[in-house]
Amino acid sequence: MTKTLGEIAALVGGRLAGDAAIEIRGATNIEDARASDITFAVEPHLKEAGKCAAGAVILPDTAGVFPKPAVYVKEPRAAFACLLEAFTPPLDFPLGISDLAYIGAGVQLGVGVTVMPFAVVDAHAVIGDGVILYPHTYVGQYAEIGAESVLYSSVTVRERCRLGRRCVIHSSAVIGADGFGFTTSKEHIHTKVPQVGNVVLEDDVEIGAHVGIDRATTGSTVIGRGTKVDNLVHIGHNCRIGANNLIVAQTGISGSTIVGDNVTFGGQTGTVGHIHIGGNSVYAARSGITNDMPEGVFCAGFPTQPHQEWLRTQAALKKLPELIKRLRELEKKVVGYEAKEN
Amino acid sequence: MTKTLGEIAALVGGRLAGDAAIEIRGATNIEDARASDITFAVEPHLKEAGKCAAGAVILPDTAGVFPKPAVYVKEPRAAFACLLEAFTPPLDFPLGISDLAYIGAGVQLGVGVTVMPFAVVDAHAVIGDGVILYPHTYVGQYAEIGAESVLYSSVTVRERCRLGRRCVIHSSAVIGADGFGFTTSKEHIHTKVPQVGNVVLEDDVEIGAHVGIDRATTGSTVIGRGTKVDNLVHIGHNCRIGANNLIVAQTGISGSTIVGDNVTFGGQTGTVGHIHIGGNSVYAARSGITNDMPEGVFCAGFPTQPHQEWLRTQAALKKLPELIKRLRELEKKVVGYEAKEN
Amino acid sequence: MTKTLGEIAALVGGRLAGDAAIEIRGATNIEDARASDITFAVEPHLKEAGKCAAGAVILPDTAGVFPKPAVYVKEPRAAFACLLEAFTPPLDFPLGISDLAYIGAGVQLGVGVTVMPFAVVDAHAVIGDGVILYPHTYVGQYAEIGAESVLYSSVTVRERCRLGRRCVIHSSAVIGADGFGFTTSKEHIHTKVPQVGNVVLEDDVEIGAHVGIDRATTGSTVIGRGTKVDNLVHIGHNCRIGANNLIVAQTGISGSTIVGDNVTFGGQTGTVGHIHIGGNSVYAARSGITNDMPEGVFCAGFPTQPHQEWLRTQAALKKLPELIKRLRELEKKVVGYEAKEN
């Protein structure tokens, strides 16, 4: 696939500086770009981009004169994302329901659905228009998959769970396994509490590989519209996660926790259960959230502190062995005075 | 499905306060309950339950007069669990072996086994009575699945592993992948040590989604009777976990570690390998266990401390930056005295 | 399978001490060994091995006289690994392509390939000689699997990813899911950046169960030759991991991080993205690496410190509550002097 730089500028709505006839064959990162590629750069990478091998560069419209052919745009990342899509040839999937898939009794299939070999859509499930089910997906009884959603290979959506429109579920994610709920006798015997609720993903949710979102004991575990969940995240039963969260890899959110909108959880964060976490907040990687949290904070640590305090505490911590020495010395001196006084 | 409140009281063996003829159509939590539902409450939620929309409430028999129709029982949670089951209609699975499943040579199948489409039972495996295998499960050669166990979609049980009776294995769990065992040369080349042991799950074990329990190098990795394992837990090769443990999400137990009975590991806990962890203990979330541990402790932290000490340490830690200031001030004063003295 | 002790000594190239005619039927660990088994021991386990039930023991050639029949070798672990393999009968897999597998258009299959029931090799994939694909594996379009690699059940290799020779991928691992890349508007709407790169595993890489290695945004995420990755590890998009690393369970390496050769990451380690981590290093369990790191270090903690310093800091930390008391006492005394002076 080849596009001229003029066509590219038009495609991303940018201002061209250089020869409109230059031919570009791919879009890639600065390090890997060759003369036939276009790349993008923002500060502090502009200098590096000026010297790289790429044939042209997407730049922020605030950037000055540049040593290479360039296209100036308001949001270079978004423009580059658009070009990545334009230069990647689509895969070659036969549309329709594979003869090797299993479709249960009473299933409703929308228009333009793709079901690949060995996918299972169990009885009474509802599959929206344009949904793509990769091999080895399992959609349980009475589950609903919203229009234009994609389920990659080996995804499980258990019975009665509901996905909104345009959800993307990566391979081996499990939506709706039983919550971890038991009653324990005095003899330490754990008896299962039936987990008869479900999971609801609202529209535009993306779920990473190996994510587990447990079904509610009763009612629903909910992931809000536009929230994106990275790999290997655990979300316990009856959680209600707001809209537009970013939940980075290996985070664990314990059961019945309620999270507001626009929250970012750094990687390997953990929370206890049954708390409220306010919206519009950022938790640094490996935060351990043990209490209700207000809106609009930037926290770190376990238990969490304001991020600045946490930085000071960690810096102080490294001085601790030296501190102990200084304290001991001071004690000796003061004991010396006491001896003199008496 | 509809039950009268009188029928419900009889079903859970409770004392009825209110009209026995009230019709109940579902059991759910306080927040989601409507007038046709029954819910349950224990302290400190009794007040909230008194004002909720539910048509009736299950209460502890120690609770007093209540503003709604109620059923008083000894253990409200257990009674509620029983009602959840009663009100959830069972799913509609055709019994028997699907024509679309693969059954290898020499497999032994018990009575009343369900094998769903695209499940694989490999050669010489033994499947007990009443076992349910969901789509895309893989049971390896010579593996044994105890009676009445359920394997959800995409579960793997590798060759020669053995599951007891009534085990529940959630989607995408992997029982018996190779342990992480290598010999390393001076040139840093890692050579695989064959992992020829297996995994044994005793009766009534429940394993969460994406749990990995590695097969032993030789002998068996063992999970004791009645132990429940939450999502995304890692258990290394040759571990021997006791009975009735609760292992919460994202915990990692390194190889050859031996754990007693009745231990609870909070979420994101980690242990080193080759240690003994005594029974009847609780480890708080994110504990890091680096040494042999006695029976009957309640610990937290990394390395672990008694939980009360850990709380004190964490509280002290937040004062550390201030502490450094105070120490510096004291040092100045003492230097001042020294100057005067001389 | 039975071998004489003489045959065993010859097989591992060791020095026999004892009756060459002794018959051995299995190789296992000290605890489980019976009279018909051979086991192995190195310090500090030699004494224990002398008293165990095993019929013979593999020993280091530096060990002295021993109370049991023994075979002395330079590397007992390697010799034992060799015996484990010799005594474990191979499983019984029909060679060739199962009638129940799906092979897409334009797929290239090498010589001696095994594809088990319900595996999917999608269009244009290339499968090397001697590759084994277990049930429910998915090899995406244009993906390449190097010769003699093994993919266990439910493994996903997404489109265009490339595996080297002799790779071992454990069940439910996902190679090439989309990286976690979004652009975020002022209104907190996250828009997906297409992830059009791939993942490249070099030769002799082993990947544990439930590992996720994300495809690059553009270019490749690379795992170097001979690197071994334990269960439940996350490796973000555009990482470049060197050769012969050992990455222990539940570690997370954030996107665009570059790691040298011969690095060991202990379990539950985490790194931020976009950093360089030098080779020939060891990071203790649960390290949190937040900055570029030089070659040849042994570190621990979050943020990381040299391991010895970390041990001192942790020891000091436990004394912190007591320290605060001592400081308070000292302050009182000094205030006392001040009062006297004035």
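Residues numbered from 1 in each chain as written. Chains lettered and ligands numbered in written order. Predicted model: local features only at pLDDT ≥ 70, side-chain atom pairs only at ≥ 80, totals over all residues.

Asker: What should I look at first to understand the overall build of chain A in this one?
Answerer: Secondary structure assignment for chain A yields 5 helices and 40 strands. Taken along its principal axes, the extent of the C-alpha atoms in chain A is 95 × 70 × 30 Å. In chain A, buried positions account for 53% of the 342 residues. (Helix = DSSP H or I, 4+ residues; strand = E, 2+ residues; numbered from the N terminus. Buried ≥ 20, exposed ≤ 12 C-beta atoms within 10 Å, placed from the backbone.)

Asker: For this particular structure, what's the right way to read the relation of the copies chain B and chain C?
Answerer: The pair of chain copies shares a relation made of a rotation about an axis and a shift along it. It takes a turn of 121° to lay chain B on chain C, together with a shift of 0.0 Å along the axis; the resulting RMSD is 0.2 Å. Interpreted geometrically, this transformation is the action of a three-fold axis. (Least-squares fit on C-alpha atoms with pLDDT ≥ 70 in both.)

Asker: I tried to follow the interface of chain B and chain C on my own but got confused; where do I start?
Answerer: Many analyses report the size of an interface as the accessible area lost when the parts associate. Taken together, the 50 residues of chain B in the interface contact 53 residues of chain C. Looking at the side of chain B that touches chain C, the elements that each hand over two or more residues are β21 (174–177), β22 (182–184), β23 (190–192), α4 (307–318) and α5 (320–341) of chain B. Here the element with the most residues in the side of chain B that touches chain C is α5 of chain B; it accounts for 7 residues. Its residues placed into classes, the side of chain B that touches chain C shows 24 nonpolar, 20 polar and 6 charged. (Contact = placed C-beta atoms within 7 Å. Nonpolar A, V, L, I, M, F, W, Y, C, P; charged D, E, K, R; others polar.)

Asker: Sorry if this is basic, but what is going on with the sheet that holds strand β37 (residues 282–283) of chain C here?
Answerer: Hydrogen bonding along the main chain pairs the strands of a sheet, whether they run parallel or antiparallel. All names here are of chain C. Taken in spatial order, the 12 strands make up an open sheet running β8-β11-β14-β17-β20-β25-β28-β31-β34-β37-β39-β40, and their pairing is mixed. For this open sheet the edge positions go to β8 (96–97) and β40 (305–306), each flanked by a neighbour on one side alone. When strand β28 (residues 228–229) meets strand β31 (residues 246–247), the two strands line up parallel, connected through 2 bridges. Residue pairing across strands places K228 opposite L246, the latter belonging to β31. (Pairing = 2+ DSSP bridges.)

Asker: Looking at this structure, I do not really get the domain arrangement of chain A. What am I missing?
Answerer: Each assigned domain of chain A is listed here: domain 1 (3–87), domain 2 (96–308) and domain 3 (309–341). Using C-alpha coordinates to define each centre, domain 1 of chain A is positioned 37 Å away from domain 2 of chain A. (Domains from an automatic or database assignment.)

Asker: Can you help me understand the interface of chain A and chain C in this one?
Answerer: Taken together, the 55 residues of chain A in the interface contact 51 residues of chain C. A total of 8 residues in the side of chain A that touches chain C trace back to one element, the largest contributor, which is helix α5 (residues 320–341) of chain A. The class makeup of the residues in the side of chain A that touches chain C is 24 nonpolar, 19 polar and 12 charged.

Asker: Please explain the sheet that holds strand β14 (residues 132–133) of chain B as it appears in this structure.
Answerer: Residue and element names in this part refer to chain B. The 12 strands are arranged β8-β11-β14-β17-β20-β25-β28-β31-β34-β37-β39-β40 in an open sheet whose pairing can be described as mixed. Two strands in the sheet have a free side with no partner beyond their single neighbour: β8 (96–97) and β40 (305–306). Of the pairings in the sheet, the one linking β8 to strand β11 (residues 114–115) comprises 2 bridges and is parallel in character. Considered in β11, the bridge of G96 is made with T114.

Asker: Can you walk me through unusual backbone geometry in this structure?
Answerer: Working note: non-glycine residues mostly have negative phi, and peptide bonds are mostly trans. Cis peptide bonds are those with omega within 30 degrees of zero, and the linkage from F302 of chain A to P303 of chain A qualifies with -5°. Here P303 of chain A is to be found in the loop between β39 (298–300) and β40 (305–306). One non-glycine residue, Y142 of chain C, lies in positive phi territory at about 65°. Relative to the elements of secondary structure, Y142 of chain C occurs in the loop between β15 (138–139) and β16 (144–145).

Asker: Which parts of the structure should I look at to understand the packing of helix α1 (residues 5–12) of chain B against helix α3 (residues 76–87) of chain B?
Answerer: The relative placement of two packed helices is expressed as an angle between their axes plus a distance between the axes. Residues and elements named next belong to chain B. Close contact between α1 and α3 brings their axes to 10 Å; oriented N to C, the two are set at 120°. One element, α1, and the other, α3, form an angle in the oblique class. Like other packed secondary-structure pairs, α1 and α3 cross with a definite hand, here right-handed. Every residue of α3 that contacts α1 at I8, L11 and V12 is listed here: A79, C82, L83 and A86. Tallied by class, residues from the contact of α1 with α3 come to 7 nonpolar, no polar and no charged. (Axes fitted to C-alpha atoms, helices over the stretch in contact; angles between N-to-C directions. Parallel < 35°, antiparallel > 145°, perpendicular 65-115°, else oblique. Left-handed = near helix turned anticlockwise from the far one by under 90°.)

Asker: Just to check I follow, could you spell out the pairing of strand β24 (residues 198–201) of chain A for this structure?
Answerer: For a regular strand, the rule is simple: side chains alternate between the two faces of the sheet. Residues and elements named next belong to chain A. Residues N198 and V200 point to one face of β24 and V199 and L201 to the other, with burial holding for every one of them. In this sheet, strand β27 (residues 220–223) lies alongside β24 in parallel orientation, the contact comprising 4 bridges. For V200, the partnering residue across the bridge sits in β27 and is V222.

Asker: Just to check I follow, could you spell out the environment of E202 of chain A for this structure?
Answerer: All names here are of chain A. Within the secondary structure layout, E202 lies in the loop between β24 and β25 (206–207). E202 gets classed as buried once you count the C-beta atoms within 10 Å, which come to 20. The sequence separation of E202 and G242 amounts to 40 residues, and the corresponding C-alpha distance is 9.8 Å.

Asker: Can you help me understand the relation of the copies chain A and chain C in this one?
Answerer: Least-squares fitting of chain A to chain C yields an RMSD of 0.1 Å, with the transformation described by 0.0 Å of translation along the axis and a rotation of 120°. A different interface surface on each copy is seen, since only 20% of the contact residues of chain A are contact residues in chain C too.

Asker: Would you mind going over the environment of R15 of chain B with me for this structure?
Answerer: Residues and elements named next belong to chain B. Within the secondary structure, R15 sits in strand β2 (residues 15–17). For the pair R15 and T184, spaced 169 residues apart in sequence, the C-alpha to C-alpha distance is 67 Å. The contacts of R15, once residues within four sequence positions are left out, are D61, V71 and Y72.

Asker: How should I be thinking about helix α1 (residues 5–12) of chain C in this particular structure?
Answerer: Residues that lie three or four places apart on an α-helix share one face, since the helix turns once every 3.6 residues. When we look at burial in α1 of chain C, the residues that qualify are L5, I8, A9 and V12 of chain C. All buried residues of α1 of chain C fall inside an arc of 100° around its axis, so they share one side. (Arc of directions from axis to C-beta.)

Asker: Explain the pairing of strand β21 (residues 174–177) of chain C to me, please; I cannot follow it from the model alone.
Answerer: All names here are of chain C. Two elements, strand β18 (residues 156–157) and β21, share 2 bridges in a ladder whose sense is parallel. Note that in β21 the partner of T156 across the bridge is V174. Across 3 bridges, the pairing between β21 and strand β26 (residues 212–214) is parallel. Note on β26: the bridge partner recorded for I175 is I213.

Asker: Explain the environment of V57 of chain B to me, please; I cannot follow it from the model alone.
Answerer: All names here are of chain B. Positionally, V57 belongs in strand β6 (residues 56–60). On the basis of neighbour count, V57 is assigned to the buried category, with 29 C-beta atoms found within 10 Å. A sequence separation of 40 residues divides V57 from A17, and the C-alpha atoms of the two residues are 10.0 Å apart. V57 has contacts with I38, T39, F40, A41, A49, F66, K68 and A70, leaving out every residue within four places of it along the chain.

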